Amino acid sequence: MYTLGIDSSTQSVKALVWDAAAGKVAASVSVNFGKELPEFKCKDGFLPNDDALVKEADPRLWLAALDKVLLKLKDAFDTSKIDAIGGDGQQHGSVYLNSAWPSALSSLSAAQSPSCLVDAFAGVFARERAPIWMDSSTTAECRDLDARFGKSLQERTGSPAIERFTGPQIMKFARRNPELWAKTEKVHLVSSFLCSVLAGADAPIDTGDGAGMNLLNLAEMKWDAEICDFTAPGLLAKLPAVALPGGKTSLALAPYFAKYGLRAGIPVVPFTGDNPASLVGTGADKPGIAVVSLGTSDTFFAAMPQFKTDPNGYGHVFGNPSGGCMSLACFKNGSLAREKVRSLVGCDYKFFDETSFEKVPMDDRRAFPYFESEITPIHPATGIEANFDWNAADDAVKVVSVIRGQIGNMFERTRWIGKFDTIRVTGGASRSKGIRDTIAAVFGAKVETLDVPDSAAVGGAILAARALA
Ligand code: XUL
């Protein structure tokens, strides 16, 4: 049995075929948004904006990328062998759809197929720009949610009011653009939007990704009507259903996708968020092992044996796609910040990932790369802040102090989650021995890497295989 996992992350989309019997990857292709779809002007996954706190993407980018990645997959693998599709998206990002959305979805089942997804969905967006997880522009809305719900927002939804979460984002849009909000008939997450497109029908939102909205009542695994009412007029009616546990669904692949060799009608399971998908893909969906994912965002997460919230309010509780809940802390200045330090220093990957760590003994020099406004903890975009003379330091010290700053901060902000003997490291930067050794030293844990770096796409494919079993 082969299943397909599609991971639509901040800077790229991946399509990975999973050989479920062998437990290994049979094929994997990807499309980088900035490099391969420059016409959408999202170099690092978002549109340029004068307001540094605003981070939005063109949602048509995700559609064009889906067409492109499936075309690549058709060349790399006999896609007619694929039995089911699962996947995930970057969390929190939202897509606002108008009354043309349902007929555009059904056009994917029509005898005369549209030429491409961007054309099929032209005219469906009530809001042309989709806010993504990097957006921090909703502080006023968060304070209003705090004033109205206080501690109970965190107790009910697993997180206090958080700028990038979808609820505050919807609140800002509905307040500033009431006429466009009135035209919005459906709000999807990136994950449920792409899943809907594949199925040619509205897909539900799963509890892993849905918990990143400040709208889902985790005790009941239902939208919280009171919070929805306060967030925006008529919101509850504009939200998709919450997915049933275990990926059970009646969604099936739309005939449009037969042009990529896929069999129309194969099951499509509800997509989840990239972090919940990685929890499954790293095999950490049972309590005991923590995961550090080093990507555009750095995240730390683990399956949660018993519901608890972060007393300091930085961390989150999401649904675990394998049942129950998971904890998560997210750091905005991840790989893009490391890349910026590497180019500031002007060194190659070997020096950044390894050599610099051999040169600098463990000491307490730390630097924090606040190139983007940070979310854990909240901190404005002030650039590098070091506890030593950064400008006078040599290159190796610069590299090592930034990594120690990032990992030290991660340790401090995740202590509420618990102590772990084993940490699985995934994401692009997990190739760095220096970073892995730093994680082992700071957390006092054994660090494991995975054979497959694309743990989110693997997780999506595993969830699809489970739904077939
Ligand atoms: C998690 C978060 C990011 C995004 C993008 O809360 O905001 O990790 O999911 O990867």
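You'll find the structure just up there.
This write-up is about the structure you can find in this document. (Residues numbered from 1 in each chain as written. Predicted model: local features only at pLDDT ≥ 70, side-chain atom pairs only at ≥ 80, totals over all residues. Heavy atoms only, no water.)

### Some points on the environment of Val268
Piece 1. Here Val268 shows up in the loop between α12 (235-238) and β11 (272-273).
Piece 2. We classify Val268 as buried; its relative accessible area is 0%.
Piece 3. Sequence separation between Val268 and Leu251 is 17 residues; the distance between their C-alpha atoms is 5.3 Å.
Piece 4. With sequence-adjacent residues up to four places away left out, Val268 is seen in contact with Ile85, Cys195, Leu198, Thr249, Leu251, Ala252 and Leu253. (Helix = DSSP H or I, 4+ residues; strand = E, 2+ residues; numbered from the N terminus. Buried < 20%, exposed > 50% of the residue type's maximum accessible area, 1.4 Å probe, protein only. Contact = heavy atoms within 4.5 Å.)

### Focus: the packing of helix α14 (residues 335-345) against helix α16 (residues 395-413)
Piece 1. Following both chains from N to C, one finds α14 and α16 inclined at 170°, their axes separated by 10 Å at the closest point. With respect to their mutual orientation, α14 and α16 come out roughly antiparallel. On α16, the residues that touch Ala337, Arg338, Val341 and Val345 of α14 are Asp395, Lys398, Val399, Val402, Ile403 and Gln406.
Piece 2. Its residues assigned to classes, the contact of α14 with α16 comprises 6 nonpolar, 1 polar and 3 charged. (Axes fitted to C-alpha atoms, helices over the stretch in contact; angles between N-to-C directions. Parallel < 35°, antiparallel > 145°, perpendicular 65-115°, else oblique. Nonpolar A, V, L, I, M, F, W, Y, C, P; charged D, E, K, R; others polar.)

### A few points about unusual backbone geometry
Piece 1. A cis amide bond, omega 0°, links Thr376 with the succeeding residue Pro377.
Piece 2. Along the polypeptide, Pro377 turns up in the loop between β17 (374-375) and β18 (378-379).
Piece 3. Despite not being glycine, Lys41 has its phi angle at roughly 60°, a positive value.
Piece 4. Within the element layout of this structure, Lys41 appears in the loop between α1 (33-36) and β4 (56-57).

### Some details on the sheet that holds strand β15 (residues 325-331)
Piece 1. Read from one edge of the open sheet, 6 strands run β14-β15-β13-β12-β20-β21, paired in mixed fashion. Looking at the sheet topology across the chains shown, the edges are occupied by β14 (316-319) and β21 (446-449). Taken over all neighbouring pairs, the strand axes of this sheet differ in orientation by 30° on average, direction set aside.
Piece 2. Helix α17 (residues 433-443) rests against β12 (290-294), β13 (298-304), β20 (422-426) and β21 of the sheet, and its axis sits at about 150° to β21. (Pairing = 2+ DSSP bridges.)

### Thoughts on the pattern of salt bridges
Charged atoms that come close allow side chains of opposite charge to pair.
Piece 1. Across all of its chains, the model carries 24 salt bridges by this definition.
Piece 2. Put simply, Arg127 and Glu56 hold a salt bridge, and the shortest N to O gap is 3.2 Å. Here the residue Arg127 occupies a position in the loop between α4 (117-120) and β7 (130-131), and Glu56 occupies one in strand β4, the gap between them amounting to 71 residues. Pair check on accessibility: Arg127 and Glu56 agree, each one buried.
Piece 3. Salt-bridge contacts for Arg263 lead to Asp83; the nearest nitrogen and oxygen are separated by 3.4 Å. Residue Arg263 is found in the loop between α12 and β11, and its partner Asp83 is found in strand β5 (residues 82-89); the two are separated by 180 residues along the sequence.
Piece 4. Given a relative accessible area of 37%, Arg263 falls into the partly exposed group. (Salt bridge = Lys/Arg side-chain N within 4 Å of Asp/Glu carboxyl O.)

### Some remarks on the packing of α16 against α17
Piece 1. As a packed pair, α16 and α17 sit with axes 10 Å apart at the nearest point and diverge in direction by 40°. Taken as axis vectors, α16 and α17 run oblique relative to one another. α16 and α17 meet at a crossing whose hand is right-handed. Across the interface between the two elements, Ile403, Arg404, Ile407, Gly408, Met410 and Phe411 from α16 touch Ile435, Thr438, Ile439, Val442 and Phe443 from α17.
Piece 2. Here the contact of α16 with α17 is built from residues that sort into 8 nonpolar, 2 polar and 1 charged. (Left-handed = near helix turned anticlockwise from the far one by under 90°.)

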